[in-house]
Amino acid sequence: MTKIKNTQQLAEYDVAVSGGEIISSALLALALQEIGVNARSCHAWQIPIITSNHPAQALIEEVNSEYFLQCFAHEIVPIVTGFQGLNEFGRINTLGRGGSDTTAVAIAAAMQAELCEIYTDVDGIYNTDPRIVKNALKINYIDYEQMLEFASLGAKVIQNRAVHIAQRYNIDIMVRSSFNDQNGSLITNKENIMEKSKITGIAYDNKIALVKITNITNLVDLFALCAEHNIIISNINHNDLKHVSFTVSLQDISRLHQLLSDQESDFNINEEIAMVA
């Protein structure tokens, strides 16, 4: 697939990648029906789950709880397509990597639930990636603030926006394995945790690039332009207003390159980096 160069292409990318959840929801509903569970696949646009108009990084603005209440009234188990929603123009937008976590917690908030369980391919939240470090230790309890920092610095176990919603609506999140019945990791209020460690763990992100810009004419205008095109920048460092460096997601590099090419400044992009925190 060619690199995404503009918002219009990104919108079509959203439509393409949303198909995976649509197929999965139908297959899961069929599997549940085979064992006697009255399940039904539900698309985000049917509920609807309303999002902002930001392809690939949309924010959930509203979830219609009435749809779920009607399902429960008829003893139907709704299988919802995660990772996506409907914008004001009736187009599908996706929520970014890990967006199904955010969908789940947003639905839990809409239903005023106390707990949302997230099932994944690991037994819970570890102090570093267990796929890389074999003796990584599982964290039994972690508070919202610690988890937000952990996720924002590269921990991939759960999307940080899901934790934001959980904290706002006081919903506990249990992260556990899809493949066994072991106890998972609970994300909760710090008041619910008796013992707290000073160091949660080590996070990393290797899906970023380092951008260095020199002789920039207006730094504020550049950042405003990035915001307008929904290009999220982080780890900003500058000695003055004409020399700046920052990191950006690899998926935004092509669009950022196009923006910088239109500016009267010199820039360098290094994609062979990773962040450890």
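In what follows, the accompanying structure is described. (Residues numbered from 1 in each chain as written. Predicted model: local features only at pLDDT ≥ 70, side-chain atom pairs only at ≥ 80, totals over all residues. Heavy atoms only, no water.)

### With respect to the nonpolar core
Here comes step 1: By size, the foremost hydrophobic cluster in this structure holds 38 residues, and its most contacted members are I125, M147, I158, I173 and I187.
Here comes step 2: Elements represented by at least two residues in this core include exactly α3 (65–73), α4 (99–110), β7 (115–120), β8 (125–126), α5 (144–152), α6 (160–169) and β11 (172–177).
Here comes step 3: Judged by nonpolar contacts, the second largest core, of 16 residues, contains V211, I213, L222 and F246. (Core = buried A, V, L, I, M, F, W, Y, C linked by side-chain atoms within 4.5 Å. Buried < 20%, exposed > 50% of the residue type's maximum accessible area, 1.4 Å probe, protein only. Helix = DSSP H or I, 4+ residues; strand = E, 2+ residues; numbered from the N terminus.)

### Structural notes on the packing of aromatic side chains
Here comes step 1: Under the criterion given, the structure shown has two aromatic pairs.
Here comes step 2: Aromatic side chains Y67 and F68 sit 6.0 Å apart centroid to centroid with 80° between the ring planes, which places their arrangement in the edge-to-face category.
Here comes step 3: The class of Y67 is buried, set by a relative accessible area of 16%.
Here comes step 4: With a centroid separation of 6.1 Å and 75° between ring planes, the pair formed by F223 and F246 is classed as edge-to-face. Linking F223 in helix α7 (residues 219–228) with F246 in strand β16 (residues 243–249), this pair joins segments that are 23 residues apart in sequence. (Phe/Tyr/Trp six-rings, centres within 6.5 Å; stacked < 30°, edge-to-face > 60°.)

### Side note on helix α2 (residues 19–34)
Here comes step 1: Between its terminal C-alpha atoms α2 stretches 23 Å, which fits the 22 Å expected from 16 residues at 1.5 Å a residue.
Here comes step 2: Among the residues making up α2, those that are buried are S25, A29 and L32. Seen from one end, α2 has its buried residues packed into an arc of 65°, which puts them on one side. Residues of α2 that are exposed and point more than 90 degrees away from the buried face comprise I23, L27 and E34.
Here comes step 3: The inward-facing, buried residues of α2 abut β1 (39–42) and β4 (77–80).
Here comes step 4: Phi turns positive one or two residues past the end of α2, at G36, with a value near 90°. (Expected span 1.5 Å × (residues − 1). Arc of directions from axis to C-beta. Contact = heavy atoms within 4.5 Å.)

### What about the pattern of salt bridges?
Opposite charge on two side chains makes pairing possible when the charged atoms of those side chains draw close.
Here comes step 1: What the rule picks out here adds up to three salt bridges.
Here comes step 2: Residue R91 is joined to E12 by a salt bridge in which the shortest nitrogen-to-oxygen separation is 3.0 Å. With a gap of 79 residues between them, R91 in the loop between β5 (84–86) and β6 (92–94) and E12 in helix α1 (residues 7–17) connect regions that are remote in the sequence.
Here comes step 3: The exposure class of R91 is partly exposed, given its relative accessible area of 33%.
Here comes step 4: On the accessibility criterion, E12 (45% relative accessible area) is partly exposed. (Salt bridge = Lys/Arg side-chain N within 4 Å of Asp/Glu carboxyl O.)

### Some points on the packing of α4 against α6
Here comes step 1: At their nearest, the axes of α4 and α6 sit 8 Å apart, and the two run at 15° to each other. The orientation of α4 with respect to α6, classified from their angle, is roughly parallel. Relative to α6, the crossing made by α4 is left-handed. Here α4 contributes D101, T102, V105, A106 and A109 to the contact with α6, which in turn contributes R161, A162, I165, A166 and Y169. (Axes fitted to C-alpha atoms, helices over the stretch in contact; angles between N-to-C directions. Parallel < 35°, antiparallel > 145°, perpendicular 65-115°, else oblique. Left-handed = near helix turned anticlockwise from the far one by under 90°.)

### Comments concerning a nonpolar patch on the surface
Here comes step 1: A cluster of nonpolar residues, I23, L27 and L30, forms a patch on the protein surface that exposes about 310 Å² of accessible area.
Here comes step 2: Here L30 shows up in helix α2. (Patch = residues over 30% accessible without salt bridge, like charges linked within 9 Å, V, L, I, M, F, W, Y side chains within 5 Å. Areas by Shrake-Rupley, 256 points an atom, 1.4 Å probe, with all protein chains shown as cover.)

### Considerations on α4
Here comes step 1: Taking 1.5 Å per residue, 12 residues should reach 16 Å; α4 reaches 16 Å between its end C-alpha atoms and fits that length.
Here comes step 2: The buried fraction of α4 amounts to nine of the 12 residues, a majority that puts the element mostly inside the structure.
Here comes step 3: Here α4 has its buried residues at G99, D101, T102, T103, V105, A106, I107, A108 and A109.
Here comes step 4: Count one or two residues on from α4 and you reach Q112, which has phi positive near 55°.

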